[in-house]
Amino acid sequence: MQLIYEKSVPGRRGVRLPASDVPAAPELPAALRRQEPAALPEASELDVVRHFTGLSRRNYSVDTNFYPLGSCTMKYNAKALEEAAKLFAPYHPMVPLLPHGSSFSQGCLGLAYELGAALAEITGMDEVTTQPLAGAHGEMTGIMLIAAYHEAKGNKKKYVVVPDSSHGTNPASAAMVGYEIITVPTAPYGDMNLDKFREVMTDEVAAVMMTCPNTLGLFNPHIQEICDIAHDHDALMYYDGANLNAILGKVRPGDVGFDVIHLNLHKTFGTPHGGGGPGSGPVGVKKQLVPFLPSPRIVKYDDGCYGVDAPAHGSIGRTAGFFGNFGVMAKAFAYITMLGRDGLIQVSEQAVLNANYVMSKLKDVYDLPYDQTCMHECVFSAARQVKNEVHAIDIAKFLIDRGYHPPTVYFPLIVKEAIMIEPTETESKETLDAFIAVMREAAELAGTDPAAFAEMPRTMPVTRLDETKAAREQNVCYFGC
Amino acid sequence: MSTASYCPNTPEEVREMLAATGASSIDDLFRPIPPGLRARSFELPAGMSEFEMLHRFETLAGKNAQHLSHFVGGGYYDHLIPAVVDHLAGRAEFYTAYTPYQPECSQGTLQALFEYQTAICRLTGMEVSNASLYDGGTALAEAAMMALRITGRNRLVIDGAVNPFHREIVRTYLANLDVELVEIGPKLGMEDDLRLRATIDDATAAVLVQNPNFFGSVSDFRRLAADAHAAGALLVVSAYPVALGIVESPGAMGADIVVGDGQSLGNPLSFGGPSFGFIASRKEYIRNLPGRIIGETVDKNGQRGFVLTLQAREQHIKRHKATSNICSNQSLCALRGLIFLSSLGKQGLVELARLNYDKAEYAKKTLGNLGGVEVMNGGATFNEFTVCLPKIAEEVVTALLRKGVAAGVPLSPYYPEMERCMVVTVTEKRTKDEIDTLARHLEGILCS
Ligand SMILES: Cc1ncc(COP(=O)(O)O)c(C=O)c1O
């Protein structure tokens, strides 16, 4: 498909702007004035509509295809959530920051505050900031809070400990805050190696970042012990909440002993993923970390009104422009409001059932390196198929031709040829059965005709793409017309 | 099942599925969780239908002041959004997909983001752009870290006329790193870069400025760029994309890295988010860019296609050595930006900028003519300007809010010595009537 720039016709106009009702002002001085207008597309409204509608049809999405992308919780996003968020589109975030301005923003402040309160109850934490704009941003904020805590106590800390199964953002976020990373290997039973963990734990460790269930989809039965060991060294426990969908209403990280948690509202709380974002990554903390929370902080007064607190003395400061990705937060609050207590519990139950169902129906044809009851996702390996030169990526391309968005492949890094399947609770048994049948077909084809995979996918607008060429040539901006 | 959890399986199907897993009950599936770790509380209200939820949300939204006349900015601007933006970005094929890890079934998102990167390069006068960051402030912080990586130096100079929120974000990001951040206090009315130029030394990684700056002033940064480059430092410019319709591009003024907030391009105010941050640079720095980048390539048949490229910079491969921790970005907002720019087009953006400029010039003149009101900007401004009042600005703004006019952003919380000053923002949405009403109310308050 042509680029919108290639469809451009000089002089063609799209949207018409209102006429000016003020006199034209003298132009900007020459040194400041733009010499050449930016070469943006020149297209009619219909050109634009056809172009982007055409592009949209070149995507797989949750609304069009089963999308079991592990670690991403691609559940169905209820349409009412979109309507809920639109109600808040016209409100300016500066208004509550004006003197006495908060009384003009009670609806927005109230929503953000009550969302934080609900998330605190869901996670067992004392307070939540909604400011972080995605999961990784929440991680960085959380580690900054931990750094501020240690600094206030005069603790000399240097390291953050992560298991090797952790998501790449965990070590990357800790490194952004200036910590060195210690990686602990995974034991044969699928959890962090406890002996190795004990060995690396010293008083110089600032925090331990855990994902629970971890990225293998397994719940670590020793998690309490890990929290205790960390706390003995005055290291704080960080919970990566990307996998909270598995334990909603079942386990609260705060009860277990975690001190800081981030959530991915775009995963667990039903808000759409937007082709890569926007997300929202609220951070919950225990009491001892409350003084360090980012500013501005939304508070509720005794009279039931909401306000914006003056920055606290110890606050780490702003991590983002205003109060978070409010539109995403509104969707998450609408989701929690609609599902309520019982609905949220049902989410984790059905998510875990769906994952175990898929696991039990595929484990005779794919290797399952950690064969235990899983939580919300299961991780297979294509090791058996690799013997016939069929790799995880080939199975992924087979699935594309059959109308499925592939599972996450090659993550977690500790599983060779990983195929990470997260069905989510919103998928029906029929959908899962059809997917299972196709996955079994792929396994069979890997045995009978492995060469067939090389040409897949065949049904998409493009065949397999040359990634090496892209990296070498670095054409990231169109230089034509 | 009466709860709205969007779980489709019937009790009968649940029984069949449980049997297949070998578990005796749903509870049995949760047996890996030791009983002692079970939730001690889960006190949430009962659920409701979407109709009841929307009714409740309408009530909640109604608790915000309706129909305020906005002359406030602070980095977020009340702009028109053509209907096509909502309709096209509202296509579920875009908004219910995720990061385009599998390029063959994600060409829609990938091509759109490639076109977005192109639009950002063309607007800013840069050669390469990533596929978006979180927001304008975090983009500035990422640019600061990028400059530290590129130069291997550890000193940054930031203009005090950069949006105070963005400066605070930069401070927060750098707080735990071994970096010296020098903030140069602004001198209102003197859009003169001498103070900044004098601070650059050969330990300086970058100078960070904003154009137009927080007070609304538009500057020529060519001499600053030359001085920075002579000292081996980079020039980082935070730009306002709508202004780039008529204001010279940062690239043409010598910038090395350009960032900004894309909210003004088709993203609603939405109480401060989501919007998107953009970051673009000269090509030689591409490997130091944070976040996702889309690249052009070909498929097995030689047909053009697009992929995520240079992923070896990113956290999922490099872990703690990545250029940034960012994973999810703000793709859908960036897509909105692209649709916005495509539907306005080359000439439309110039006209939009011109409308903003003309309206603000009219407001500047009208307010400046009021007794005791002084316009503080020495030179040109874009759609914001700073006035000094004969009274405390916070008090004036409070009084005007009660009349339904958000008259401006008082400066004292950010610049304590400027307690009689406020920044007034005038976008294309403000009518002459609204501007005249603002002037009338302001005059009334100043005379009382
Ligand atoms: C386990 C885990 N942690 C953290 C993240 C980062 O979240 P985000 O992409 O919102 O920054 C992800 C998402 O990809 C994840 O799967």
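Fair warning: this is a prediction, and the values are worked out from it, not measured in the lab.

**Topic: the packing of helix 2 (residues 79–86) of chain A against helix 3 (residues 50–61) of chain B**
In the contact formed by helix 2 of chain A and helix 3 of chain B, the axes pass within 10 Å of each other and the chain directions differ by 10°. Between helix 2 of chain A and helix 3 of chain B, the crossing angle belongs to the class labelled roughly parallel. Residue-level inspection shows A80(A), E83(A) and A84(A) of helix 2 of chain A in contact with helix 3 of chain B, the latter providing E50(B), M53(B), L54(B) and F57(B). Looking at side-chain class alone, the contact of helix 2 of chain A with helix 3 of chain B contains five nonpolar, no polar and two charged residues.

**Description of helix 13 (residues 393–401) of chain B**
Turning to helix 13 of chain B, its buried residues number three or more, namely A393(B), V396(B), V397(B), T398(B), L400(B) and L401(B). Contacts made by the buried residues of helix 13 of chain B are with strand 13 (405–406), strand 14 (409–410), strand 15 (421–425) and helix 14 (432–447) of chain B.

**Section: the UniProt feature "domain: Glycine dehydrogenase C-terminal" (unreviewed entry) in chain A**
Here the UniProt feature "domain: Glycine dehydrogenase C-terminal" (unreviewed entry) sits at residues 348–441 of chain A. End C-alpha to end C-alpha, residues 348–441 of chain A measures 29 Å, and it is 45% helix and 11% strand.

**Side note on the site of the ligand**
S71(A), A136(A), D240(A), K267(A) and S328(B) are the nearest of the 15 residues found near the ligand. With respect to the ligand, its neighbouring residues span chains A and B. Between an oxygen atom of the ligand and a main-chain N or O atom of G135(A), the distance comes to 2.7 Å. Residue K267(A) places a side-chain N or O atom 3.1 Å away from an oxygen atom belonging to the ligand. For the shell around the ligand, the element with the most residues is helix 4 (residues 135–153) of chain A, which contributes three residues. Of the residues in the shell around the ligand, the class split is five nonpolar, seven polar and three charged.

**A look at the UniProt feature "domain: Glycine cleavage system P-protein N-terminal" (unreviewed entry) in chain A**
Here the UniProt feature "domain: Glycine cleavage system P-protein N-terminal" (unreviewed entry) sits at residues 28–298 of chain A. The span residues 28–298 of chain A is 32% helical and 13% strand by assignment, and the distance between its end C-alpha atoms comes to 41 Å.

**Let's talk about the sheet that holds strand 10 (residues 378–381) of chain A**
Residue and element names in this part refer to chain A. Taken in spatial order, the three strands of this open sheet run 10-12-11, and their pairing is antiparallel. Each of the sheet's edge strands pairs with one partner strand only, and the pair in question is strand 10 and strand 11 (408–409). Taken together, the four bridges between strand 10 and strand 12 (residues 418–421) define a ladder with antiparallel strand orientation. Looking at the pairing, V379 lines up with M420 of strand 12.

Quick notes on the rules
- Residues numbered from 1 in each chain as written.
- Chains lettered and ligands numbered in written order.
- Predicted model: local features only at pLDDT ≥ 70, side-chain atom pairs only at ≥ 80, totals over all residues.
- Heavy atoms only, no water.
- Axes fitted to C-alpha atoms, helices over the stretch in contact; angles between N-to-C directions.
- Helix = DSSP H or I, 4+ residues; strand = E, 2+ residues; numbered from the N terminus.
- Parallel < 35°, antiparallel > 145°, perpendicular 65-115°, else oblique.
- Contact = heavy atoms within 4.5 Å.
- Nonpolar A, V, L, I, M, F, W, Y, C, P; charged D, E, K, R; others polar.
- Buried < 20%, exposed > 50% of the residue type's maximum accessible area, 1.4 Å probe, protein only.
- UniProt positions renumbered as here; feature names shortened; annotations may be inferred.
- Near = heavy atom within 4 Å.
- Polar contact = N/O pair within 3.5 Å; in protein donor to acceptor, adjacent residues only side chain to side chain.
- Pairing = 2+ DSSP bridges.

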